[in-house]
Every structure is written in structure tokens, then in C-alpha cells.
Amino acid sequence: MVAAASTDTVLPSSGGTVLSVLKKPSVIPGFGLTLGFTLTYLGLIVLLPLAALTIKAGGLGWSGFWNAVLTPRVLSAFQVSFGLSLAAAAVNAVFGFIVAWVLVRYRFPGHRIVDALVDLPFALPTAVAGIALSALYAPNGWIGKLLMDWFGLKVAFTPIGIAIALTFIGLPFVVRTVQPILQDLPPEEEEAAASLGASRWQTFSRVVFPALLPALVTGFALAFARAVGEYGSVIFIAGNMPGISEIVPLLIVIKLEQYDYGGAAAVGTMMLVVSFFLLLILNLLQAWMRWRHAR
Amino acid sequence: MSFRYRLSLLAAGLALTVLGAAAATAQDTVLNVSYDPTREFYVEFNQAFAKKWKAETGRSVTVKQSHGGSGKQARSVIDGLDADVVTLALAYDIDAIADSGALAKNWQSRLPNNSSPYTSTIVFLVRKGNPKQIKDWNDLAKPGVQVITPNPKTSGGARWNYLAAWAYALEKNGNDEAKAKQFVADVFKNVPVLDSGARGSTVTFTQREIGDVLLAWENEAFLSLQEFGADKLEIVVPSLSILAEPPVTVVDSVVDRKGTRKIAEAYLQFLYTREGQELAAKHFYRPRQPELATQYAGRFADVKLVTIDQSFGGWRAAQEKHFADGGVFDQIYQKGR
Amino acid sequence: MLAKARGHAPATGDSALVRALMIATALGFLLLFLVLPLASVFVEALRRGVGAYWAALVEPDALAAIQLTLTVAAIAVPMNLVFGIAASWCIAKFDFRGKDLLITLIDLPFSVSPVISGLIYVLLFGLHGLIGPFLKSQGIQIIFAVPGLVLATVFVTFPFVARELIPLMQEQGTEEEEAALVLGASGWQTFWRVTLPNIKWGLMYGVLLCNARAMGEFGAVSVVSGHIRGETNTMPLHVEILYNEYNFVAAFSVASVLALLALVTLVAKAVLEWRFGAELAATRH
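Computed from a prediction, not measured in an experiment: that's the story for all the values here.

Overview of the overall build of chain B
Alright, step 1. When helices and strands are counted, chain B shows 16 helices and 12 strands.
Alright, step 2. In terms of overall size, chain B behaves like a compact globule, its C-alpha atoms giving a radius of gyration of 22 Å where 337 residues would be expected to give roughly 20 Å.
Alright, step 3. Projected onto the principal axes, the alpha-carbon positions of chain B cover approximately 70 × 55 × 40 Å.
Alright, step 4. The proportion of buried residues among the 337 residues of chain B is 61%.
Alright, step 5. Taking all contacts inside chain B whose residues are at least 6 apart in sequence as the whole, residues at least 24 apart take part in 74%.
Alright, step 6. When the accessible surface of chain B is split by element, carbon and sulfur atoms take 52% of a total near 12800 Å².
Alright, step 7. The positive charge centre, built from 40 side chains, and the negative charge centre, built from 37, are 4 Å apart in chain B.

Encoded structure:
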């Protein structure tokens, strides 16, 4: 790397000696400009404001930070947020997988419309989703009334309502990560398994599913990460009861409204850290599975 | 079109927007930052004020409105929302703005009647015919009754609800705090949904048809009858309630910077005039002017009202004891589970 | 499409029963979670007829909200467009240390709660924030004004264009650019004539997603808006306000415009995928 750097200086606008130690040589110009712009923009828009959050949380001191985060109310909000996000991501993993399978493997009338529709939760504003879902699942809404009459089940303003909103917003992630992998799956493996006498179920569970598992886990993780932070669609349908249906983002808003900036920043920082580590664990898990599958 | 040219276009666009925002505030405008249930009242009041200001000074004025939960609105002002006047749900929220240095600490003594030109109280809204026979606060604690109230942590109105229930329990139990706490805990055990603001709770009760009784501002209860039909809902006045004083004040740091003190003060003074008071009464706030109070006496039920200062030693004490983190409200919710 | 061309042999295909069950499950799930919520928006909006629907949209505050939403998107999307191109250029065309970290940081806003995205700007630009007091003394208002709304929107939509472009440009490699440079083209010429035509569909795709999210963001802008009627209320915020004014028809009317925008986005996206599927395929990993 360092040896190669000496040839770098003759190339156009490679960005000077400091950069040349960092990067491999290339005839393509614009490295300094684009990297510089990227880092500046990233720093100003993302890193500096996030630093403000941790500085504010740090202002509480170590014990103050833990006092703000370890109250029963905050802990139960974390439990609600992470628990329901996991549940929603799990529902999405199951049904998203089925949707992806149906979209890739079968052809039926309206196939293309259904395929396009899957992305609706990406495009539909969360506040609109929130009021629509709460109108739909309230005890006097279209679906809420049926569930109430048939099963005596209350959905809106209970944890189930939150899980439904989180399922809605996480839906595209599983479908869109599984879909391309399923599409590219070579048919030869399945054919080979079938010709060797494996049943359809054996072929699926031993050949197809393991190949899709990393994508499924990725989709699950993405849906989960998105659900944990979700605010707009949830507040309309959550009962907001402390300890039962109060989510972490709402708690941050509540703390802000009580002028507790330090507390809000502390909970926010905690949330960042926890979701970062959860994603990291899931990423490692995924890498491990890919490695195992490759063997 | 080069990359740089595009960048400079973009920068120019940004600059224009910033300038545009600055130019908009340079006009003769006043921003009134208020809480949720006052929207309809201030829409009409602002028009009346603009007409009066025009007649008196020949200048036209636009009063801009911002509404939301009282705490959230105060938070925005503290963070730099350029409010000329604030008209919030409770004095504690304006105290918080004063603590940040944006207005004088003695703000509440600058205008008559604790700086509250109109008052209100907390009443019950029940479904037509009152099927659960809810007459007074003790009915709210009975099993099988569902009570709808916003979250006292985020809603000013909900804090009045909570304190009214507390005051009732103190009176019934000879000032026994432990019993009062138990009573309020029993009431909140019957709450299935805690919306973050007064308006959210009203929607839950009237539109989603959840709950048997809504604890509401008196003016909100009247407005609900108007909006959703007196054939569906009715108002129940409890034996005792709390005198809710929504205060108003000028934000000194903003009006002095913008040079709008005169107009902002005139705006608040106008609330105390006969015209302002009549508009308040029209929107179901209890007017302060004695003769108007008698005129509208038929509309507003005569109910025993306790005050925050007498029963709770003022807002700061009440906030500290009941609503701060780890306060009585938090304890109720931790014990309940 | 591959599946169709390939055609599944009966030995590796699913039985008719499984097939029917799977399709029914998938469609039932999508109906319950996607179609009904979408339909309910339009049903509620048209509850009092077209007249009331139209009246809700041409009301001055609604128009101001629509205008503000378009303005914010018109500033935020090009900013992230320029950033997306710059970031994907340096990440895809060069090898350097710390690249993985850089990609992770670009992805970061995606996993940050919208509430926190708003909060960080309050902590930075608020009157008691880190640089708010200085800006105030210079007469510059960031939060509770358009710049704050733009910043929060830029943060929330930060990774969208870059995420689409990076895998696409990585897939395409650097040979074409190198050839152009060897033949004497300047850096800018290479970019405009060679790279841009290669990535234009992916770019449009990213812009589309970025724009949809920019127009629909609620949580982050809610924290920095100040909710001044007719001035700092974007469409999603206006929906909430109308909802809180018991004006449900109007709330769902404005919501239906946002839903229509979402549908337009989906159609445009489907068309892009259908016509330029091969070029976009690289981004789908």
C-alpha cells in the first residue's frame, strides 16, 4: 500500500500526499473532491448533530445518565419498543417470505400491481398510515369492529395496535431483501435434489431455505431497526399507557415536553447504542450463516 | 451546467429561503403560541383584534397562531420559537419559559387576575343518557367504568383533571394524602388510553367511541356537544372541581428584539375588554368581567371550585410533587403493575 | 421475470394446493395491511362528497402546507442527490481505508429514530443549544423555520440516493471511465458523458425514494416545526392539526393527496423497474 503510493503522485488530482497514503492509486480523478465533500456533508448533517446529542447526554455525568435511563418507566418503554418491534419483524419475516415467494415463483392476475404495492409503506407518510390504521382498527372501524364482535379482541390503543403499525412499516424490508436472492437462486440445485429423490418439503427445507436465510435475517434486522425508532404511525394507534403501550420515541418526546433535555438525550443515546449493537449482532450472525452455508 | 454552477444555484436557493423567512417576520405580525383547545377562540379573536388595531392605528396586523400541547409549545418558545405572546394552559409552563430568561419572573402580576383573562374548569363528558350513572368523582373509581383523560405528563388539561380528582379526594377524606393517592390511583386504573393531548382524548372518546366518561376542559366539553351532537353526549358537572386559570403573557426577549411590544401588549389587553370577554364566553370560557359573568351565569354551572394556590401551594409545588419524574403520578403507575 | 422464462418443472414446483394457499395467504396479508388502510384514507376523505374534499384542499392553510412541503423537498432532495453522487463516486471508484466505516456512517440516519433526528437539531440550533445562541445574535433562525425543516428532512433522507448508487457504480467498475480518460477526456467530461448516462436510472430511482420520504416525514419535522399555521406546517403536520381540530374529512383529504403522491411514486418506480430492470438489478442486493 505504502510502496504503491509513490506512483500515485503523478496521477491527476489524486488529492495530495495525505490521501495517497490512504488510498490505492487510480487514474480516475476527483477522489479528493468527492471524499472531501462527502466527509464534510456527512460531518455537518449527521455527525455534528449526533455529537450534540451525546454531549447533552454526557452533561448528566455517568451516574446521572444511568439514573435517567434505568428508571422503571424508561426500562419498560424499552421493553415495549424492542419487544413489539421483534414481534412485528417476526410477523414480517413469515409473511414477507411468503409474499416474496409468491411474487417470484408464481404468476397470477394483478401480479405486477401487487409487486409495486409492496413498497407502499416506504412511500406513504407515517402520519397518514397512523390515522388510517387507527380508523381501521378502532373498535368502531372496519376491521376493529369485526375483531371485536368475533373474538372480543381489542386492537387499537393496545400493544397489538402498535405491533400492527410496526408490521405495516417494516413489511417491504423482508420482501425486498428476499426477492432478488430467490430470483437468482439457480434452479439446478432444486432439480438435483428432486432427481435424487428428495420430497418437495425436503428440497425446500434443506436446499432452498438455507440459501435464503441470510437474506431473510437481513430483512428481519432492517424491519426491526426501522420499527424500533418509528413514531408517526404509532402514536395515533398506541394507547400510550406507561409500562404497557408507551414506546421509547414517545418517552423522548414526553421528556422534552417536561423540559428534561438531558433525560431525553440520555434515552436517545441509549436507544442509538442498543439498536446499533443489535444490528451488529444480527450482521455477525448473518456473516456466520453465509460462511456456514458456503462450506 | 457544471457541478459548481449547480452548487451555487443550490446555495442561492437556500439563502433566498432564509431571507424569505426573515422578511416574513419583518412585517407587522404577531405570533401567538397557544395550547390545543383555544384554536377556534383565537381565530375569531384575532380577526376582532386586527379590526380594532386597524381602526385605532390605521395599521394592519396579522396574528399568526401555533397550537399544540402546552408543554410542547413552551418547549418550542424556550428553544427559540419567536412567540410575541404565549397563551398557555397553566402557569407552570410560562414559569419554565421565565426560568430560561426569555421573560420577566414576575410575569404573572403584570396583568389583572393572575394574568388569566378567562377561566375554565374540569367537567365530565358522558354518553347520552349517562348509562353508567356517573355523577361525581367517586363514580370514576368504580370498577367497570372506563375513564378517558390525556397524559398529565404531556397535557396541561390532564394536570388540571388529575389535581381536581386529588382535591376532591382530600376533601372527602379529611385531607388524608394516602387516601387521596389511593383514590387517584383507582381512577387511573380505569383509564384505557392516555393520549398525549386534550384533543387526542376527545377524538378517542367521541370518534373511536372508547370509554364511558371523558375528563375535559369545560370549554372543550361544550365544543364537543357542538361538534359531535348534543344527541350523543351530555355534560355532567361534579360536586367539586378546580378553577383552571390559563395564563397569558408577553415574551419580553422576543418583543424587544422585534419591536412588537406595543402591539403585543395591546393584544393581551384586548382580552380583558368587553369585546374580548364576550368572544371568550362565546367559546365557552368563563369571562372575568363581573357583569358578563352574571350574564353568562346560566350557561356555566355553579360549582365549588378550589384553586391551585390554596390547595396545592402553586404550580411549582404541584408540579414537583405530582408530575416530576418519580413524583406521585409515576408512583401510581409503578405500583399499579 | 427470470422465473417465468425458466419455467418450473413439476418436480421442483409446488403443488396446486400449496400454490393456492400461498397466494391466498400473501394476498390476504397484503389486503389487511396495505390495501385496506390505503382505501380507508380515500373513503374517509370523500365521506362528505367531492365538494367538501376539494374545499379542504384549496383552503389557504392547506395550500401553504402543500407549498411548504414542495419547497422543502425541492431543497432537500437535490442536496442529497449531489451528496449521493459524490459519496458513491469516491466509494465505488476508489479503494481506500475506512471505506466500510464510511458506508456504515452513511447508513446511520436510516436507523435513527425520527424523533431523535429532530431532537439533535434542537440541541444544536435551539436557543439553548450549542450554536443556537450565536446564530440568534446574528439574526439567523434555523429551527422553527424553513432551514430547520430542510435540515431535518435532509437527515432523514440522507442515505437514499447514495444507497442506490453505491452498489450500481461498484457493479459497473471503472473500465469505461479509465478508457475515456486515456482518450483525453477531462474528469468532468468523463463524469457527464460516461458515468452519468450509466447511472441515470439508478439515480432517478434513488431520487424517487428520497422524494417520497422527504414529503412524508412526520416525526423529525414535528420536533423542529413550531407548528405555525400557514407558515411552518408541512402537509403531514397539517394532517395532524386538522385531525386535532375534529376536521376529519379535511385531515383525510390532505392525507389522500399524500397517499396519491405515494401511489404516483410506486407507479413511477414500477415503470423504471420494468423498463430498466437490468440496470437496476445491481442495486437490488
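Points about the pairing of strand S5 (residues 122–127) of chain B
Residues and elements named next belong to chain B.
Alright, step 1. Counting buried residues in S5 gives five out of six residues, a clear majority hidden from the surface.
Alright, step 2. Two elements, S5 and strand S7 (residues 213–217), share five bridges in a ladder whose sense is antiparallel. The partner of Val123 across the bridge, within S7, is Ala216.
Alright, step 3. Of the pairings in the sheet, the one linking S5 to strand S8 (residues 233–236) comprises four bridges and is antiparallel in character.

A word on the interface of chain C and chain A
Alright, step 1. Taken together, the contact pairs 94 residues of chain C with 100 residues of chain A.
Alright, step 2. For the pair chain C and chain A, the summed buried surface comes to about 8700 Å²; carbon and sulfur atoms form 79% of the total.
Alright, step 3. Our enumeration of links across chain C and chain A arrives at one salt bridge.
Alright, step 4. The shortest N-O distance in the salt bridge between Lys269 of chain C and Asp119 of chain A comes to 2.1 Å.
Alright, step 5. At the boundary of chain C with chain A, the tally comes to eight residue pairs in polar contact (both at pLDDT 80 or more).
Alright, step 6. By residue number, the principal contributor to the side of chain C that touches chain A is helix H2 (residues 16–45) of chain C, which donates 19 residues.
Alright, step 7. Considering only residue class, the side of chain C that touches chain A consists of 67 nonpolar, 14 polar and 13 charged.

Quick look at the sheet that holds S7 of chain B
Residue and element names in this part refer to chain B.
Alright, step 1. The strand order across the open sheet formed by four strands is S6-S7-S5-S8, and the pairing between neighbours is mixed. Of all strands in the sheet, those with a lone pairing partner are strand S6 (147–148) and S8, marking the two edges.
Alright, step 2. Across two bridges, S6 lies against S7 in parallel orientation. Bridging from a neighbouring strand, Val147 pairs with Val213 of S7.

Some details on the pairing of strand S2 (residues 62–68) of chain B
Alright, step 1. Burial analysis of S2 of chain B places six of its seven residues in the buried class, the great majority of the element.
Alright, step 2. The handedness of the strand S1 (residues 29–35) of chain B to S2 of chain B crossover, carried by helix H2 (residues 39–57) of chain B, is right-handed.

Let's talk about the confidence of the model for chain C
Interpretation of the predicted coordinates at a detailed level should be avoided for regions scoring low in pLDDT.
All names here are of chain C.
Alright, step 1. Averaged over every residue, the pLDDT of chain C is 87; the share at 70 or more is 93%.
Alright, step 2. Model confidence for chain C, summarised as mean pLDDT per element, is weakest for helix H1 (residues 2–6) at 39 and strongest for helix H8 (residues 146–156) at 95.
Alright, step 3. Low pLDDT (under 50) marks residues 1–11, which in the prediction has 15 contacts with non-local residues, meaning those over four places away or in another chain.
Alright, step 4. Model confidence for the complex: the whole-complex pTM is 0.85, and ipTM, which rates the interface, is 0.83.

Focus: the pattern of salt bridges
Side chains that differ in sign of charge can pair as their charged atoms come close.
Alright, step 1. The full count for this structure, using the stated rule, is 49 salt bridges over all chains.
Alright, step 2. Put simply, Arg47 of chain C and Glu44 of chain C hold a salt bridge, and the shortest N to O gap is 3.5 Å.
Alright, step 3. A single salt-bridge network, built from bridges that share partners, covers Arg73, Glu246, Lys255 and Asp260 of chain A together with Lys153, Asp325 and Asp330 of chain B.

Focus on the interface of chain B and chain A
Alright, step 1. On the side of chain A, 23 residues touch chain B, which itself brings 30 residues to the contact.
Alright, step 2. For the pairing of chain B and chain A, the buried interface totals around 2300 Å² over both sides, and the portion due to carbon and sulfur atoms is 55%.
Alright, step 3. Applying the counting rule to chain B against chain A returns two salt bridges.
Alright, step 4. A salt bridge links Lys255 of chain A to Asp325 of chain B, with the nearest nitrogen and oxygen atoms 2.9 Å apart.
Alright, step 5. Applying the counting criterion to the chain B and chain A interface returns seven residue pairs in polar contact (both at pLDDT 80 or more).

Things to note about unusual backbone geometry
Residue and element names in this part refer to chain B.
Alright, step 1. Here the phi dihedral of Asn130 falls at roughly 45°; this positive angle occurs in a residue that is not glycine.
Alright, step 2. Along the chain, Asn130 falls in the loop between S5 and helix H5 (137–140).
Alright, step 3. Of note, the phi angle at Glu209 is positive, near 55°, even though the residue is not glycine.

Some details on the packing of aromatic side chains
Any pair of aromatic rings gets described here by the distance separating the centres and the angle formed by the planes.
Alright, step 1. Taken as a whole, this structure holds 57 aromatic pairs over all chains when the rule is applied.
Alright, step 2. Judged by centre distance (6.3 Å) and plane angle (15°), the ring pair of Tyr162 of chain B and Trp166 of chain B falls under stacked. Here Tyr162 of chain B pairs with Trp166 of chain B, and both are found in helix H6 (residues 156–172), just four residues apart, close to one helical turn.
Alright, step 3. Judged by relative accessible area, Tyr162 of chain B falls into the buried class, the value being 0%.
Alright, step 4. For Trp166 of chain B, a relative accessible area of 2% puts it in the buried group.
Alright, step 5. For the cation-ring pair, Arg105 of chain A lies above Trp101 of chain A, with the distance from its terminal atom to the ring centre recorded as 4.8 Å.
Alright, step 6. Here Arg163 of chain C stacks its cationic end above the ring of Phe110 of chain C, 5.1 Å away from the centre of that ring.

Remarks on helix H5 (residues 99–111) of chain C
Alright, step 1. An ideal rise of 1.5 Å per residue puts 18 Å on 13 residues; H5 of chain C measures up with 19 Å between its terminal C-alpha atoms.
Alright, step 2. Along H5 of chain C, the positions that sit buried rather than exposed are Lys99, Leu102, Ile106, Leu108, Pro109, Phe110 and Ser111 of chain C.

Here's the deal with the side chain of Glu240 of chain C
Alright, step 1. You can see Glu240 of chain C is positioned in helix H13 (residues 235–244).
Alright, step 2. Buried and unpaired, Glu240 of chain C has Lys72 of chain B as its nearest opposite-charge partner, separated by 4.8 Å.
Alright, step 3. Sequence-distant contacts of Glu240 of chain C, that is, excluding residues within four places in its chain, are made with Phe236 of chain A together with Phe218 and His227 of chain C.

As for the packing of helix H3 (residues 31–58) of chain A against helix H6 (residues 114–125) of chain C
Alright, step 1. Relative to each other, H3 of chain A and H6 of chain C sit at 75°, their axes nearing to 8 Å. One element, H3 of chain A, and the other, H6 of chain C, form an angle in the roughly perpendicular class. Contact residues: H3 of chain A offers Ile45, Leu48, Pro49, Leu50, Ala52, Leu53 and Lys56 of chain A, while H6 of chain C offers Ile116, Leu119, Ile120, Tyr121, Leu123 and Leu124 of chain C.

A short note on the sheet that holds S2 of chain B
All names here are of chain B.
Alright, step 1. Across the sheet, four strands lie side by side as S2-S1-S3-S10; this open sheet has mixed pairing. Each edge of the open sheet carries a strand with a single partner, namely S2 and strand S10 (248–250). Each neighbouring strand pair of the sheet contributes to a mean axis angle of 20°, computed without reference to strand direction.
Alright, step 2. Examined bridge by bridge, S1 and S2 share seven bridges and lie parallel to one another. The residue bridging Thr29 from the neighbouring strand is Thr62, located in S2.
Alright, step 3. The strands touched by helix H11 (residues 261–272) are S1, S2, strand S3 (85–87) and S10; relative to S10, the strand with the most contacts, the crossing angle is about 165°.

Thresholds, definitions, all that
- Here, residues in each chain are numbered from 1, in the same order as that chain's written sequence.
- For this description, chains carry letters from A and ligands carry numbers from 1, given in the order in which they are written.
- Totals for whole chains, interfaces and linings use every residue, but because this is a predicted model, local features are given only for residues with pLDDT of at least 70 and side-chain atom pairs only at 80 or more, for both listing and counting.
- Side-chain measures here rest on the full set of heavy atoms in the structure, leaving out hydrogens and waters.
- Labels follow the DSSP assignment, with helices taken as runs of H or I lasting at least four residues and strands as runs of E lasting at least two, numbered in each case from the N terminus.
- For this measure, only C-alpha atoms enter the radius of gyration; the expected value for a globule follows 2.2 Å times N^0.38, where N is the number of residues.
- Exposure is judged per residue with a 1.4 Å probe applied to protein chains only, and the accessible area is read against the type maximum: over 50% gives exposed, under 20% gives buried, and values in between give partly exposed.
- Any two residues whose heavy atoms approach within 4.5 Å are treated as being in contact.
- Areas reported here follow the Shrake-Rupley algorithm with a probe of radius 1.4 Å; residue values treat only the protein chains shown as occluding.
- Positive charges come from Lys and Arg alone, negative charges from Asp and Glu alone, with His and the N- and C-terminal ends not counted.
- For this purpose, a charge sits on NZ of Lys, CZ of Arg, CG of Asp or CD of Glu.
- Pairing between two strands requires that DSSP report at least two bridges joining them.
- Buried area, as used here, totals the accessible surface that two parts lose on assembly, with accessibility defined by a 1.4 Å probe and the loss added over both.
- When a carboxyl oxygen of Asp or Glu lies within 4 Å of a side-chain nitrogen of Lys or Arg, that pair is called a salt bridge.
- Between N or O atoms, a polar contact is any pair within 3.5 Å; within protein, one atom must be a potential hydrogen donor and the other a potential acceptor, and residues adjacent in sequence are included only when both atoms are from side chains.
- Three residue categories are used. Nonpolar comprises Ala, Val, Leu, Ile, Met, Phe, Trp, Tyr, Cys and Pro, charged comprises Asp, Glu, Lys and Arg, and polar comprises the others, including Gly.
- For the handedness criterion, the strands are oriented away from the viewer, and a crossover whose path from the first strand over the helix to the second runs clockwise is classed as right-handed.
- Confidence scores labelled pLDDT are given residue by residue by the predictor and lie between 0 and 100.
- To pair, rings of Phe, Tyr and Trp, with the six-membered ring standing in for Trp, must have centres within 6.5 Å; the planes then decide the type, stacked if under 30 degrees apart, edge-to-face if over 60, and tilted in the middle.
- Should the NZ of a Lys or the CZ of an Arg lie within 6 Å of a ring centre and within 35 degrees of the ring normal, that charge is described as sitting over the ring.
- A helix is expected to span 1.5 Å for every residue after the first.
- Inter-axis angles, ranging from 0 to 180 degrees, are taken between N-to-C directions of lines fitted to C-alpha atoms, where helices are fitted over the stretch in contact.
- Should an angle fall under 35 degrees it is taken as roughly parallel, and over 145 as roughly antiparallel, whereas 65 to 115 is taken as roughly perpendicular and any remaining angle as oblique.

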